[in-house]
Amino acid sequence: MTSAYKVRALEFHDSSHIWNIECLRKTLKFMVDNDLNTLVLHQVDIIDEIVYPGRVFGISQTSNIHETYEKMYRTLYRYAPRRRGVPNMRKGFLRLLVQEALRFGIKVYLENKEIWFPDMLLEFYPHLIKRGTVCPSEEFWWEEFLPAKYEELFQDFPELAGVVISTATGESRVSISRRRCECEKCKKMDPVEWHHKVITSIYEALKKAKKQLVIRDFVFNKEAHQVFTKVISHLPEDIVVSIKNTPHDYYPTFPHNPLIGKTGGRPQWLEFDAMAQYFGWGIGISVMLEDLRDRMLHGLEKGATGFLVRTDLESLPNHSCFRTPNLINLYGAAQLGKDPLADFANIYHRWLSETRMFEDGSSPEDRKKCVKWLKELFSYTWPIIRKTLFVDDCVFSDSSMFPVSVEHALWLAEEKNSLKEWNPQKEDALAPTLQNLEKVFKEKEEAELLLDKVQKLLALEGKSPLRKESYQELIKRFDFFHKYAKGFWLIAKAFMICRVCEAGISLDSSIPKYGKLNELVQKIKGELEEYEGELRGLELSLKDYPVNLLLDADRFACFRKDFEKRIAKLVN
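Keep in mind the model is a prediction, meaning the values are calculated, not measured. (Residues numbered from 1 in each chain as written. Predicted model: local features only at pLDDT ≥ 70, side-chain atom pairs only at ≥ 80, totals over all residues. Heavy atoms only, no water.)

## Focus: the side chain of N245
Where we set the bar: Secondary structure counts use DSSP, requiring at least four H or I residues in a row for a helix and at least two E residues in a row for a strand, with both numbered from the N terminus. Contacts were defined at the residue level, with two residues in contact if any of their heavy atoms lie within 4.5 Å.
Structurally, the position occupied by N245 is in the loop between β8 (240–244) and β9 (268–273). Beyond its immediate sequence surroundings of up to four residues, N245 is in contact with Y250, P255, H256, N257, I260, E271, F272 and R295.

## Some thoughts on unusual backbone geometry
Looking along the chain, the bond that leaves E114 and enters I115 is cis, with omega of 15°. Within the secondary structure, I115 is located in the loop between β3 (107–113) and α5 (121–124). That bond from Y545 to P546 is cis: its omega, 5°, falls within 30 degrees of zero. Within the element layout of this structure, P546 appears in the loop between α18 (517–536) and α19 (547–550).

## As for empty space enclosed by the protein
We apply this condition: A pocket, in this scheme, is an open set of points on a 1 Å grid over the protein atoms alone with protein on both sides within 12 Å along at least 5 of 7 lines, while a cavity is a set where a 1.4 Å probe fits but cannot get out; residues line either one if an atom lies within 4 Å of a point. Grid points are joined across faces, edges and corners, and a volume is the space filled by probe spheres set on the points. When residues are sorted by character, Ala, Val, Leu, Ile, Met, Phe, Trp, Tyr, Cys and Pro go into the nonpolar class, Asp, Glu, Lys and Arg into the charged class, and all the rest, Gly among them, into the polar class.
Tallied over the full model, the rule gives three cavities of 30 Å³ or more. In this structure, the largest cavity occupies an estimated 130 Å³ of space. Contributing to the lining of the largest cavity are 15 residues, with N245, F272, D273, F279 and D291 lying nearest its centre. When contributions to the lining of the largest cavity are tallied by element, the ones reaching two or more residues are β9 and α10 (289–301). At three residues, α10 tops the list of elements feeding residues into the lining of the largest cavity. A breakdown of the residues in the lining of the largest cavity according to their chemical character gives nine nonpolar, three polar and three charged. Of the voids in this model, the second largest cavity is the one considered here, and its volume is about 40 Å³. The wall of the second largest cavity is formed by I50, V51, Y52, I65, T68, E152, Q155 and D156. Where the lining of the second largest cavity is concerned, the elements lending two or more residues are α3 (65–79) and α6 (140–156). Among the residues making up the lining of the second largest cavity, the classes are represented as four nonpolar, two polar and two charged.

## Considerations on the layout of surface pockets
Empty pockets left among the atoms are what a rolling probe the size of a water molecule brings to light. Volume-wise, the largest pocket comes out at about 540 Å³. As for the largest pocket, its lining consists of 25 residues, of which R323, T324, P325, E473 and R477 are closest to the centre. Top contributing element to the lining of the largest pocket by residue count: helix α17 (residues 468–502), with seven residues. Of the residues contributing to the lining of the largest pocket, the split by class is eleven nonpolar, five polar and nine charged.

## Focus: the pairing of β8
Filter applied, for reference: Exposed residues in this analysis have more than 50% of their type's maximum accessible area, buried residues have under 20%, and partly exposed residues fall in between, with area computed by a 1.4 Å probe over protein chains only. Two strands qualify as a pair provided DSSP detects at least 2 bridges between them. With its strands directed away from the observer, a crossover is right-handed exactly when the path from the first strand over the helix to the second travels clockwise.
For β8, the tally of buried residues reaches five of five residues, placing the bulk of the element in the interior. A two-sided burial pattern is seen for β8, the buried positions comprising V240, S242 and K244 on one face and V241 and I243 on the other. For strand β7 (residues 212–216) and β8, the ladder comprises three bridges, and the chain directions are parallel. In the sheet register, V214 faces β8, and the bridge partner there is V240. Each parallel crossover has a hand, and the one from β7 via helix α9 (residues 222–233) to β8 is right-handed. Alignment of β8 against β9, held across four bridges, turns out to be parallel.

Next up, the structure:
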């Protein structure tokens, strides 16, 4: 087993960062300073932003995008006037970025989801639409469109290292996974065959350009996992398989992704999330160094040779781990990727030093004490998040936001993000029983006690040589964290109370320590109303974005009203 990852990649997923020159320059410096050697630009339609492609619109024998534009600008102006100049403009920016990255020894990959296409394509090829739905099974996609798109991509961007592709996803514009088209071709099409045709057509274009193809396992359930496993078993052995560290998505309470180590000898990259789409966005701080170490060691044991760390989210513009203490997760991944047994104290020290959080002139001994203090402080963050945004390890948030109804919470936890599919022991984790209700109360109380402990540790300011503004920022962030966590504690209790009541359990039933069910109903109603009032009283400014999204009073009220409506049917 090798002791280090050869490919150590940072991933941008938010277009406001991908096309931001100042952001990219700072990122390249960070990558050089922390020995990250690969940059992945992930935008669902990024290749369609920089390629027309001309060949499928009747333009042939051009050597670059400008010659293509020369021959089709009238067509573009007629069918896509707002888009006509975008690829031309994007090209110059991206070319300079790739060239500068290469000067620093950093390879650049583009990541997208296929099949994606420009709207005007359907006007030129109307046969692709069947009964109002775009058909994924027409040969056009893999015989004409995809080969043209990727050949023209590398014609204009020969410095790119390759592409990262998702095909096993319903998030693309057209995919067999969505099963929306009901034509005979789609009914007869084996999903394994479809994915193979799509991937092979892209692979052949990349092979011709001598570029690397990376395929992701962007799938949502065991059935899709099985399909994906069959797909990759028939692919060329030089295709890299990129695998999320946990099945389905970035859920730290889930087991290791079962696909890891089962790629038939094909190179493997692991994917991680530093910002925390599902564990607090860094507003609910969550330092994941222990989890990163465990999963990176597991990946190495299973033969993985690379990793990607996502720093942001496409649907959350202008936010990333670079704007929160969760940045330490990125520092951790960079160091643990080179040495999974790296000392966490060194990771903390590097983070504090590079972000200039230490007071100038503070002594090495004081800095060492500060690192020890912060290590203890942040060691509680993931346990708090685990007992707050999850219920008995089941995903209980909507990408870290409040669920908007009792039914929504149940759907998130048991259908959309099902843990029991990967861990059968969680089959009855959310069953409407008094035992589970008591478990929820205890879990949320444990989280509150841990957060209280953090608040007491924070008050020990004298231990820290942090800059005054850095320390005050920590205080403010943990205040937001506490307010945020309280909302989830209340929602989880209300959710389970409602589930138990709707299951027909007598309102006179008692839970040791907590009292009768009818008393809990009245208490939680009052607490929900009081908390909503607290949210409406918050004064947040633009600089507090995206705290406002997680502490949205209207969103919380949506859940509260649903709870009260459902309870009213049972109590009155």
